[in-house]
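One-letter residues, chain by chain:
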Amino acid sequence: MSTTQPDLKLISSILAAPPFSRSYSAIQLHDEVPVLQLMQLISDAMAFIDEANPQSPHKKVDMRNEDPEESVLRVAVFLQLLKWKDAGDMDVLCQKLMEGDRSTILRVLQFLLKDLNLHKKRAYLAPFLAAVDVPAEFGHDEITADLMRQVEELQNQFKETHKTVDGSRGSGNNAALLKKEIQQLEDEKQQVQSKINKIRRRVEEIPQHESWLEAAKNLRLEQHNEAQIAERIKEQKHQTLQAENRYTAVLQELKDAKSAIASGGPEALYAKMEEDNKMNRYLALENLPKACTGHGLCRYYAQIEEAQQHIRQLKKVLGEPALSPKELTELEAKINSLNESIAKLAEDRLAKTTKGDDKLALFRQQAAIILRKKEGTTVRLTSANEEVAALQAELEKKKEASAAQGAKMPKGEEFKRYVAELRTKSTFYKQKKAELSAITAEFGILQRSEEILENRQHGMEESLTALEKRHGVSGFHVAQETLEKVSERKAEVDEAKGRTLEEISAIITKLTNNINEKKNHLSPVIQELRTLRQQLQELETEYGEKKRTYDATMAGLESEALQIEQEVKAYRQDIHNDQSRYHYLNMQIGLADVAHDRVMQEMKSYIGGDEALEQQQKARGFKTYRELYNKRIAEQEILGKGLREMQKDAKVKHEPNVKQLALFHDVRKLLALKAAQNKKILTGENRKDQPVRQDRLVL
């Protein structure tokens, strides 16, 4: 049997929660709660687990009124039903429970309380799936074998049915949800049907709609293919660009390696590579993480690192076994306690560091200054490297362009032709430059003329305004100009309206002709659509009839399933009662066998004749338990007889002794008074107060 210690905190927390609501601390469970009360908690837990069984033997059981042997047997059988790992040895478990072993009782209570939902499911399934224990002598009977086969078939059917029901419950496919989904689907069907009718009515008006539909389908396919081709082209361009970048980088590395080899040999090349390695390591491990706050690329790297860390954590979680809700609650409690302890430690550390003078402040300032200088140098180096890389890339491009053009230095006749062309171009350039100078001068003259005319216009407008004011018609020329502009605009609008009306009339005529053509073209399609609608109505009628038949069949099947379930419950109760009776009788037979063995052993000891038995009798100091108990009874009788005589003597002497004790108390008081009086006389305290009397003899 297992020797693991029970988790008293877990038991206390589960008992404090509903449905038990019992407040016991871990110390109380370990020391103070009586064993009978712990057994009552076990019985209550079994009743809660087996509450689905209407005829459960654990409901409302008072352990004070139940026979201890029956209680122990009931607990042991239920633990075997739940497949407790320590319930295999029934005799040892029953013995531990009968002896009131607190550790065993607490481990049983922890097992029952830890996974209540799992125990409920197992308690519900176990009576149906338990193997019927048939004695071997009845196994060869044909009727019994046939019944066993029937039981196995029914158990297999029950397994499949329970799996189906459990899956349906898990997925939420109950009757109400199915009806709701059916109603939603019917509503959606009506909406889709109405949309289809609208689209069909629109299509009926289009001539040669089938060819148009085919063309639209082909267009969609071509657009899809075009999008795929564009995506492939984009990917290939990206790959080409990456390949070119890699090629450029490799060429640059090759050039650097050649220049390094030419300048200093392998030792210098190795030293330069080592220095580059150190610099890259510093940039990657120190500078890059610090710069990640303000740079988009660094943020991208940080996101990649965070995603990789998350993936590693998910893989670790997937590799671990599944946790129950109770274990998750325990882990959350541990995390909270650890966070609290970390916060306390951080506060203590902060309090310690703030006390006193910081002796390392000077060195920290120097380290910070050096670090800032190093970071600034790194930034300048990075920018310089980027600038060098950009200049090298530009140089390579120019070299490639010049190589592609194939420019060469002209010689001989080519050079003469080149000089002649250059002179011609120079002459042409001088002509154009002269023309440009003339045009520029003319532009200056025209610009000056424009300014002069604008000034004259302003002067004339001012004089005209003053003249209008004198004649009382201020703003006349402005209004006249506005009217002229409005009339010109109106003429333009009227002309545009005329053109628009003509275009609209032409479009209307064209649309009317198209509509008539589409109506003539779609008339056979409309006839076919009417036929299809009639078929749809017939199919809907047939669907309604089939649905009514389906509902009636399902109702019959549900009633049959309910009846079968009731029969299964009755069979389960019969099986449970028979099994309980069988285990009880088996236990009684075992106890009777043990008692019979003890009686036979006593008879052998009383008869004698067995040397091994005699040696055992000598070792224990008595022959039979009968002689031992008779001897002890005789000793106790003698002891009781002596005690009764002592009691009788004590009762007889009690009253005289009490009187004698009272007399002794009085004599003691009298002697004390006399001693006090004699002491006073000897000290002379009473001589002053009392006169001296003569001693007289009174006759």
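Definitions and limits used
Along every chain, residues carry numbers that run from 1 in the direction the sequence is written. A pLDDT threshold of at least 70 governs which residues receive local features in this predicted model, and a stricter bar of 80 or more applies before side-chain atom pairs are shown or counted, although totals over entire chains, interfaces and linings include all residues. To obtain the side-chain values, all non-hydrogen atoms of the structure were used and water was disregarded. Salt bridges are identified by distance alone: a Lys or Arg side-chain nitrogen within 4 Å of an Asp or Glu carboxyl oxygen. In this description a helix means any DSSP run of H or I spanning at least four residues, a strand means any run of E spanning at least two, and both kinds are numbered starting from the N terminus. Accessibility here uses a 1.4 Å probe with only protein chains present; expressed as a share of the type maximum, an area under 20% marks a residue as buried, one over 50% as exposed, and anything in between as partly exposed. We call a set of buried Ala, Val, Leu, Ile, Met, Phe, Trp, Tyr and Cys residues a nonpolar core when their side-chain atoms join them within 4.5 Å. Any two residues having at least one pair of non-hydrogen atoms within 4.5 Å are treated as being in contact. By definition, no residue in a patch forms a salt bridge, and every one has over 30% relative accessible area; like charges are joined within 9 Å, nonpolar side chains (Val, Leu, Ile, Met, Phe, Trp, Tyr) within 5 Å. We get accessible surface area from the Shrake-Rupley algorithm with a probe of 1.4 Å; when it comes to residues, only the shown protein chains can shield them. Using a 1 Å grid laid over the protein atoms alone, points where a 1.4 Å probe fits but cannot get out form a cavity; open sets with protein on both sides within 12 Å along at least 5 of 7 lines form a pocket; any residue with an atom within 4 Å of a point counts as lining. Grid points are joined across faces, edges and corners, and a volume is the space filled by probe spheres set on the points. Basically, the charged four are Asp, Glu, Lys and Arg, the nonpolar ten are Ala, Val, Leu, Ile, Met, Phe, Trp, Tyr, Cys and Pro, and anything else, Gly included, counts as polar. The positive count covers Lys and Arg only, the negative count covers Asp and Glu only, and His and the chain ends enter neither. To locate a charge, the coordinates of NZ of Lys, CZ of Arg, CG of Asp or CD of Glu are taken. For every residue, the predictor states its confidence as a pLDDT score lying anywhere from 0 to 100.

A. The arrangement of the pattern of salt bridges in detail. Applying the stated criterion across every chain yields a total of four salt bridges. Between Glu-542 and Lys-546 there is a salt bridge, with its nearest N and O atoms 3.5 Å apart. Of this pair, Glu-542 and Lys-546 both sit in helix 15 (residues 476–607), separated by four residues, roughly a single helical turn. With relative accessibility at 39%, the residue Glu-542 sits in the partly exposed group.

B. A look at the nonpolar core. Among the nonpolar cores identified, the biggest contains 37 residues, and Leu-15, Leu-29, Ile-42, Val-75, Leu-79, Leu-112 and Leu-113 are the most heavily contacted of them. Listed by contribution, the elements that provide at least two residues to this core are helix 1 (8–16), helix 3 (35–49), helix 4 (68–81), helix 5 (90–99), helix 6 (102–114) and helix 7 (116–129). Setting aside anything within four residues of it in sequence, one finds Val-75 in contact with Met-39, Ile-42, Met-46, Leu-97 and Val-108.

C. Region of interest: a nonpolar patch on the surface. Residues Val-599, Met-600, Met-603, Tyr-606 and Ile-607 make up a contiguous nonpolar surface patch of roughly 520 Å² in combined accessible area. Inspection of the secondary structure assignment puts Val-599 in helix 15.

D. Here's a closer look at empty space enclosed by the protein. Within this structure, the stated rule accounts for one cavity of 30 Å³ or more. In this model, the largest cavity occupies a volume close to 40 Å³. Lining the largest cavity are Leu-81, Ala-126, Pro-127, Ala-130, His-576 and Gln-579. When residues of the lining of the largest cavity are traced back to their parent elements, those giving at least two are helix 7 and helix 15. Looking at the lining of the largest cavity residue by residue, the classes come out as four nonpolar, two polar and no charged.

E. How the structure looks around a positive patch on the surface. Taken together, Lys-195, Lys-198, Arg-200, Arg-201, Arg-202, Arg-530 and Arg-533 make up a surface patch of like positive charges. Ranked by residues supplied to the positive patch, first place goes to helix 9 (residues 175–204) with five residues. Mapping Arg-202 onto the fold places it in helix 9.

F. Representation of the confidence of the model for the chain within the structure. The pLDDT averaged across the chain works out to 76; a share of 80% of its residues lies at or above 70. Throughout residues 354–361 the model reports pLDDT below 50, and contacts reaching past four residues in sequence, or to other chains, amount to one contact.

G. How the structure looks around the environment of Gln-28. Position of Gln-28 relative to the elements: it lies in helix 2 (residues 26–32). Separated by 20 residues in the primary sequence, Gln-28 and Leu-8 have C-alpha atoms spaced 9.5 Å apart. Those residues in contact with Gln-28 that sit more than four places away from it in its chain are Ser-23 and Val-33.

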